[in-house]
Amino acid sequence: MLRLEQLVLEELQAVFSDEIDDPRLAGVRPLAATFSPDYRHIRVHCLREGEGASRDDVERALQGANGFLRRRLLDLLELKRIPELHMILDT
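This structure is a prediction, so every number in the text was calculated from the model and none was measured.

1. Considering the packing of helix α1 (residues 2-18) against helix α3 (residues 66-76)
Part 1: Following both chains from N to C, one finds α1 and α3 inclined at 120°, their axes separated by 10 Å at the closest point. The angle between α1 and α3 places the two elements in the oblique class. Note on packing geometry: the crossing formed by α1 with α3 is right-handed. Along the contact surface, α1 presents Val8, Glu11, Leu12, Val15 and Phe16, while α3 presents Phe68, Leu69, Arg72, Leu73 and Leu76.
Part 2: Here the contact of α1 with α3 is composed, by residue class, of eight nonpolar, no polar and two charged.

Right, here's the structure in full:
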């Protein structure tokens, strides 16, 4: 499980650094990923560096990017099912 969590985290970090164009998500980077025991959900803890959009705007942008992020994980990883992403903004 730890290896898969690390792999998902690395792929999400690459997507955030290279593919996310939403200015509200500038400076946001995933720090940790934790699967649920049934592998259907994954919590991704993110950190926002610097100032910019309000916390509410960043959280809405993370929710809005959820579908895009899941599609990218589907393209990048060989999994039967991509888990539901729960993006958590840590301060």
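2. Things to note about the nonpolar core
Part 1: Among the nonpolar cores identified, the biggest contains 24 residues, and Leu25, Leu62, Leu69 and Met87 are the most heavily contacted of them.
Part 2: Ranked by residue count, the leading element in this core is α1, at five residues.
Part 3: Setting aside residues up to four positions removed in sequence, Leu69 forms contacts with Leu12, Val15, Phe16, Ile20, Leu85 and Met87.

3. With respect to the confidence of the model for the chain
Part 1: Per-residue confidence for the chain gives a mean pLDDT of 91; residues scoring 70 or more make up 100%.
Part 2: Of all the helices and strands in the chain, α3 carries the lowest mean pLDDT, 92, while strand β1 (residues 28-35) carries the highest, 95.

Rules used in this analysis
Residues numbered from 1 in each chain as written. Predicted model: local features only at pLDDT ≥ 70, side-chain atom pairs only at ≥ 80, totals over all residues. Heavy atoms only, no water. Axes fitted to C-alpha atoms, helices over the stretch in contact; angles between N-to-C directions. Helix = DSSP H or I, 4+ residues; strand = E, 2+ residues; numbered from the N terminus. Parallel < 35°, antiparallel > 145°, perpendicular 65-115°, else oblique. Left-handed = near helix turned anticlockwise from the far one by under 90°. Contact = heavy atoms within 4.5 Å. Nonpolar A, V, L, I, M, F, W, Y, C, P; charged D, E, K, R; others polar. Core = buried A, V, L, I, M, F, W, Y, C linked by side-chain atoms within 4.5 Å. Buried < 20%, exposed > 50% of the residue type's maximum accessible area, 1.4 Å probe, protein only. pLDDT = per-residue confidence, 0-100.

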